[in-house]
Each structure stands twice: as C-alpha cells, then as structure tokens.
Amino acid sequence: MLPSFLCHSKKLPYNHCMAESALSKMETQQVPEGEAMDDALPEKGEVREDVLAEAARQLKESLSHYESPGVSVMRRESDRLKERYTIHCDKMLPQFSYGGANAYAVTDSKDDAHSYFAYICNPMRPYRARALAALGSFPNNHLIRLADHGVAHISATGDARYVLVYQKPDGKRLSDLLTGSQRLPENVFIEKILKPLHEVIAIFEEKGISHCRIHPANLFMGEGIVLGDCVAESASYSKPFLYEPLERLMASQEGMGAGSTKVDVYSLAVLAIECMFGLERFSALSKEHYAALQLHSGTYNVMTSQISVSSNLSDFLIGALNDNTAERWGVEQLGNWLGGKRYNLLHPSEPRDSHRPFVFAEKEYHSLRTIAHTFHRHWDDARAVVRDDALPRWIDQCMHKKNRADVVRRAIDTSGGMTVTNQKLNDELLSKVISALDPDGPLRYMELSLNFDMLGPVLCSAIRTGNQRAINQINAMIRMDLPNFWCDQQGAHLSKECSDILWKMQRTHRFISRVSVGFGIERFLYEMNPHLPCMSERVIASYPTSLKELLLCLDALAVESHEDSLVDRNIAAYITCHANIAKETGFLMLGHYPKLAQSPELQVMFMLAKAQEKSRVGALRGLASWAGYRLIGLLSCLHSQKVRKQITRDIIAAAEYGQVSLVLGALINSKMLAQDAEGFLQAVEVYKKNNRKIARLTDVKAQAERNQYFGRRISLMVSVGMLSYAIYHVLKLHAL
C-alpha cells in the first residue's frame, strides 16, 4: 500500500525496492471458481469530467519533455542487425530462399573476407528456436555457418522480423548439378556426400535435434558438401514430400514437426536414389497419391521398383526406408554400414497385417495404418461406425493383436459405450481409435493432423491467420486430453521433446478454460511457444521478444494516448505467461467496493506491475501515467469527494516515479479506503436517523395520535397539579 503522504514526498529518491514493497504489500486472493472477471476492458469511469480533465492535463504536462525509452524498440534502424550487418532488401537471393523465408544479401562492417546473406523469417510460422539454440557453435565445416541472429526492422516488409545471418557456402546447389541425365556414381555419392552428411547428423543426434531439410536444393557442392539452413521456418514445412517418411506424410505440411535424426537418415536414402537414379518418375504424383502407394506397397518397394540397386547399397536403402519407425535405421546403424558392416537385410514385402480384410465404405483394408489413414480422410463416415465392435473383433481374431483390440474397446467403453450418438463424443472416440490403430502416425482430429511437438506452432499459425475453425478444434483436442492419449500409445518410443511438451501442456492446459483477460487460448499459445514474440496487433510490428521489450513498447504507445486501453488479450496473456502469474488476482482491501474489486482494469494494472517488477526495466513514466489516467476513471466507486481528490493527487504524484505498482498502490490505499468506508457507514447511519425523523414529522395520522397522547398527559399533569394545590390549601385552612 502506498501512503497518502506520497503526494508530498516528491523529493524522496526513487529506488526499485520501493516499487517492490508497494506491490508485495497488496493483499491478494484467488478469485473463486465460477467468478472469473469479465473479458472486456472498461472505458473511463463516471467520475466528474472536470476532475478527470484536470488529472489528464497534469499527467500529460508531466510527460511534455519525456522521451520514452521504448522508442528505440519501436523505431529500430531499418535493415540493420546489431549495428554490424546491413541487409540489402533490393538484392534478393533466390538460390538461398525457400518457403516463406526469403534470403537477401548482407554486408558485414567488420568482415570483408567473407560473403553473407540473411533469412527474413515469416512471423506466421515460428522459427525453430530449439534448433537455433543448439547450433550456436557447430563443430563441422559441412553445415552452413550461422554468423548471427536477432530482431531487425526490415524495410521490404515494413515491420520488425527475426533475422538469421549466414556465411555464404561455396559452390552450387546440388539440385542445379543434377539436371537432365547427370547422375553420380555410387562410390562418389558415398564418399563425397553421404559420409560428410552422416558426420553432420551425428552431431545433431548428440545435441538432441534433427535437421529436417536434407534435399538437393539445400545442399551446396564446392570443394566439399555443405548442408544449408534448418532454422528459418517450421521443421519440414517446405521440404519436398518425397523426402518425408510415411508417418509424416499423413500430417499436414505445417504439422510434421522435427522428429528424430531417423528422419534425416530417411532423407539421405531418398537423396541417394535421386543422385544415382533420379526421381523423375514421381514428378507427376501428388502427396496424397504417393502416400497411398506407400501404404499399399511399402516405401522401399515404391522407391526401387524401376531401378537396379547394388547389394552393397540395398542394406542402406532397406534399413533407412523402413516404414516401421522402431526398426528404421538411425545414425548408429548408418555409421556401422559406412564403416563396412553388412546386414544382409531381406527385401520387405507388401504391408499386409491380415489376409482377411476389414471392410469400410465398401472397400477392403488389410493394415491398421491404412484403416487409420482412411478413417481420417473420411471422418464423417468413420464417425458413424467407430462404436461398432466389428473393428476390435477383427483386430483380435484376424490379426491376433489382443492388446491393440483392448485399447480400442476401452476407448469405446470410457466414452459412453456402443450406443452413444453424441457427435462430440464420437469425434473424440474416433481420434483415439485412429491413434490406437496407428501409434506412429500424427495426432488426428477432424481436419487437424499434426505431430505433437507442432501443437504450439500450428496454434500460432491458426491465430495469426484468423482460422477460427482450426483454433476451435485445437481447443477441443486439448480439452478432450487427446494429446495425452496419443502419447500413451507411443510408450517407450515417446521422444524426450514430446515428453517435455506433454508435461508443460498438462501443467498449463487449465488456463484454457478461464475466460478472464490474461488467460484462455492466448495464454496457452505463449506457454507452448516460449520464444514467440507478443502477437498483439498493437506491438507485433516491433516484434517484442521479452517482457522488457513489451513494456518499452507499451510505454511509447502510452505517451501518445491515455484514453485507449493499451492491453488486449494477447498482451495480457504474454505478460501472465512470462511473469508466471498462475491465477486471477482479487484485492482483499476492496471488500467494501465489489465493483472496483472485480474490475478487469485493476487486474491489468496488477499484471503490468508484476511484469515491471520481474523485468526490472526501470522507470516508465509513460506507462505509469497511462495507468494513473485509467485508474482515476474508476474513482466514481468511492463515496467521499475529499477522498477521491486525495487519491487523485496521490496517483498523479506516484506516476512521476514511473512505476505502475506505485500508481496502483495509490488507489489501493488501506488508510484512505478505510476512511472512505467508515465515513460512508457513518453517513448511512445519519441518513437513516434523519429519514426516520422526517417520516415521523410527515405522518399526519401518527402526528395527531402523538398530539392527543401528549395532550392527555399534559391535561393529566395539570389536573393532578391543580388538585394537589387545592388539597394543600384545604389542609392549611383546616389546620388554622
């Protein structure tokens, strides 16, 4: 609580502990369940206009010579990164550009010996922050060298973007060299390409990440082979689908995820086929058609059906192109093979789990993976039959997989049994059945199909593009706990990254059901994407990537206008996430002012105060003055005009210190509030007494009755007095 004498203490030096004390002394309590505060932020209160106008004039006058430190964040120098790299937006480099990441020439003011270029990341799809952190220093010359990275304002886009600066690799793209009938001999491919790339992905394996962009257009041949970028966009987003394993082809393009280095080994096998034999025979196939061929015949059979593979190479292709992810080769097996070990693997047959087919939509299916894929593609039809016992009975009797059949039956039983017709329950059940049939496949729900580690980035893309249908489906998927069921099916094969994400999701999914500002789906977005900038339309052009930068942006915006509500749901959610605010906060000292205690405006101020304390950003007079102006608009809840004026003066004085906690403390002043409440209660009692007096005086009938009563009493008293006087005189005469 900030004492009222602060307005007379302008000469007191400011220190950070003062703000922390004001914030820590505020008594708070968790808002009971079912009493979440309103979503909308209120406009200015109903306090007298002249008081508000005078307060606004004083606050604005105090900022007349104030230059917000947030201007440096909102108005970064265009096309410059860290005052060293100049990005030439007029020199786009198509040989390095891919997907949504455009490449531009770069000049380094401190290094003339090397050439550089920069990727401008697309904010619609988060860059791979985990991969970026792991590749800070990469001890291998066969991976493109990352020189620097950070946020820069880009003139070509008109806003700030995340920028990755790379040193240009020597030579040409491998895709440009593999034109026409130009092919590489097997020994040249193994020595010049496969062995160096194996060294690279072995280091990726040690770092616990994967590359996910191994294909000819991202490989550069000079004196040696150099593998290009893998950070600028979501994993595998623009990678050719022929280089993706079957289980990843079933996911949407933006939902494939990073996977493990087994994905990179698979890509190396496809690269071997393209370099030595070409892939022109697949050029006319769509992604869906190619996946159907894989499901029917198996990837190895599809890839090698029209080529002759040497016995030496066949082991590598059979192992790396295995559709069973548990048996597919990884870095270790590839290293052993390159070292001379021979496995003599058998050529795989067509994937048939049962000779007796399962019939769905008048078609026959022989494998669980094919059934799962078909169920997802024909969701409405599958929803109508998923509760039938025919499927688990077929799995048990024809495939002899009792455990898998039991999983399907338990899913049916726990969702209502065989007779439920509720569409939402059937959608939930169908998603669980698909996961049970194909544990290696993506998490599928209605139109969504994604690997679990891409839940956060896919949600980000849906929110940025305004795809409300996808947002609703992700919301429903989380509420139904489908990710947890999907992870249970992975068993021991669940990756550490997915395990960490699942733990985080279970810890934070409770925020989704809260409708108050600072929570909801927006809070979940930032919990699942910790490196994401604040996505609010107010600040996204400045790309704030920390609490400090966000507060600086808000401080600069606050100087321009006091009357606007700076904080929207995105900003509030970003603050609650990065300031670790786990619950809505109420204010015990405002018990006599329920409207004020439940004000979302106060909740927002508390969030800003916590954010300023946690980020230790220092004084922000623009933001503090904005907070003061907004709080003065709430003073109509107070009863005493004297108290309102005193608190207004306290707020204006506190704003000069640039701390939101002090401004908030000026309003939540226990002494002043107690004085106001006590004075109000006294006034109420006086009012009640006066009302009773007025009522008695204005009641004619009661007044007549009282007059008669008092008249009789007075008459009686006069009569008794006269009688006593007469008796006295009679007795006196008799005595004489």
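Structural data are supplied above this passage.
The residue numbers shown here count from 1 along each chain, following its written sequence. With pLDDT at 70 or above as the cut-off, local features in this predicted model cover only qualifying residues; side-chain atom pairs require 80 or more to be listed or tallied, and sums for whole chains, interfaces and linings still use all residues. For side-chain calculations, the full set of non-hydrogen atoms in the structure is used, while hydrogens and water are omitted.

Student: Summarise the pairing of strand β5 (residues 116-120); cite the residues concerned and give the values.
Tutor: Where a strand is regular, its side chains alternate between the two sheet faces. Buried, partly exposed and exposed residues are distinguished by accessible area as a fraction of the type maximum, computed with a 1.4 Å probe on protein chains only: under 20%, between the cut-offs, and over 50%, respectively. Strands here mean DSSP runs of E at least two residues long; helices mean DSSP runs of H or I at least four residues long; both are numbered from the N terminus. Taking burial as the measure, the five residues of β5 include five buried ones, the bulk of the element. Across the two faces of β5 the burial is the same, with Y116, A118 and I120 and F117 and Y119 all buried. Here a strand pair is declared whenever DSSP counts at least two bridges between the two strands. Direction of pairing for strand β4 (residues 102-108) relative to β5: antiparallel, over a ladder of five bridges. Considered in β5, the bridge of V106 is made with Y116. Bridge count between β5 and strand β7 (residues 159-167): five bridges; the pairing is antiparallel. The residue of β7 that forms the bridge with Y116 is Q167.

Student: I'd like a rundown of helix α16 (residues 402-414), residues and numbers included.
Tutor: Helix length check: α16, at 13 residues, gives a terminal C-alpha distance of 18 Å against a target of 18 Å (1.5 Å per residue), a fit within 8%. What α16 keeps buried is the set A405, V407, V408, A411 and I412. Looking straight down α16, one finds that the buried residues subtend no more than 155° of arc, so they occupy a single side. In α16, those exposed residues whose orientation departs by more than 90 degrees from the buried face are N403, D413 and T414. In this analysis, the expected span of each helix is defined as 1.5 Å times one less than the number of residues it contains. It is the directions from the helix axis to the C-beta atoms that the arc portrays.

Student: Run through the packing of aromatic side chains, naming residues and quoting values.
Tutor: Here a pair means two rings of Phe, Tyr or Trp (six-membered ring of Trp) with centres within 6.5 Å. Their orientation is stacked below 30 degrees between planes, edge-to-face above 60, and tilted elsewhere. Here the structure, examined in full by the defined rule, presents 22 aromatic pairs. Relative to W329, the ring of F316 lies with its centre 6.4 Å away and its plane at 40°, an arrangement referred to as tilted. In this pair, F316 is assigned in helix α11 (residues 311-320) and W329 in the loop between α11 and α12 (331-338), connecting sequence segments 13 residues apart. Across the pair, exposure class does not vary: F316 and W329 are buried alike. Clustering of aromatic rings is evident, with ring pairs tying together F96, Y98, F117, Y119, Y166 and F220. In this arrangement the basic side chain of R514 is found over the ring face of F519, its NZ or CZ atom lying 5.3 Å from the centre. Counted as over-ring charges are cases with an Arg CZ or a Lys NZ within 6 Å of the ring centre that also lie within 35 degrees of the ring normal. We note R523 situated over the ring of F511; from NZ or CZ to the ring centre the distance is 3.9 Å.

Student: An account of the nonpolar core is needed here, citing residue identities and associated values.
Tutor: One recurring pattern in soluble globular proteins is that nonpolar side chains are buried together. With 123 residues, the main nonpolar core has F375, L437, L455 and L608 as its most contacted residues. Every residue pair with non-hydrogen atoms within 4.5 Å of one another is taken to be in contact. Not counting the four nearest positions on each side in its chain, L437 is found in contact with L368, R369, I371, A372, F375, L391, I395, R404 and V408. Note on terminology: a nonpolar core comprises buried Ala, Val, Leu, Ile, Met, Phe, Trp, Tyr and Cys residues joined through side-chain atoms within 4.5 Å. Residues A105, Y162, A269 and Y300 belong to the second largest nonpolar core, which totals 82 residues.

Student: How would you explain the sheet that holds strand β10 (residues 225-227) if you had to name every residue and give the values?
Tutor: Strand order in the open sheet formed by three strands is β8-β9-β10, and the pairing between neighbours is antiparallel. Bordering the open sheet on either side are β8 (172-173) and β10, each of which pairs with just one other strand. In this sheet, β10 lies alongside strand β9 (residues 219-221) in antiparallel orientation, the contact comprising three bridges. Of the residues in β10, the one forming a bridge with F220 is V226. Only the stretch in contact is used when a helix axis is fitted, and all axes are lines through C-alpha atoms; the angle between N-to-C directions ranges over 0 to 180 degrees. Packed on one face of the sheet, helix α6 (residues 186-207) meets β9 and β10 and runs near 40° to β10.

Student: Explain the packing of helix α26 (residues 600-615) against helix α29 (residues 660-667) to me, and be specific about the residues and the numbers.
Tutor: Contact pair α26 / α29: the axes reach a minimum separation of 8 Å and the direction vectors enclose 145°. Handedness of the crossing formed by α26 with α29: left-handed. The residues of α29 that touch α26, namely those facing L602, M605, F606, L608, A609 and Q612, are V660, S661, L664 and L667. All amino acids are sorted into three groups, where Ala, Val, Leu, Ile, Met, Phe, Trp, Tyr, Cys and Pro are nonpolar, Asp, Glu, Lys and Arg are charged, and the leftover types, Gly among them, are polar. Looking at side-chain class alone, the contact of α26 with α29 contains eight nonpolar, two polar and no charged residues. Crossing handedness is read from the near helix: turned anticlockwise from the far helix by less than a right angle, it gives a left-handed crossing, and turned clockwise, a right-handed one.

Interpretation in functional terms is not warranted from these geometric data alone.
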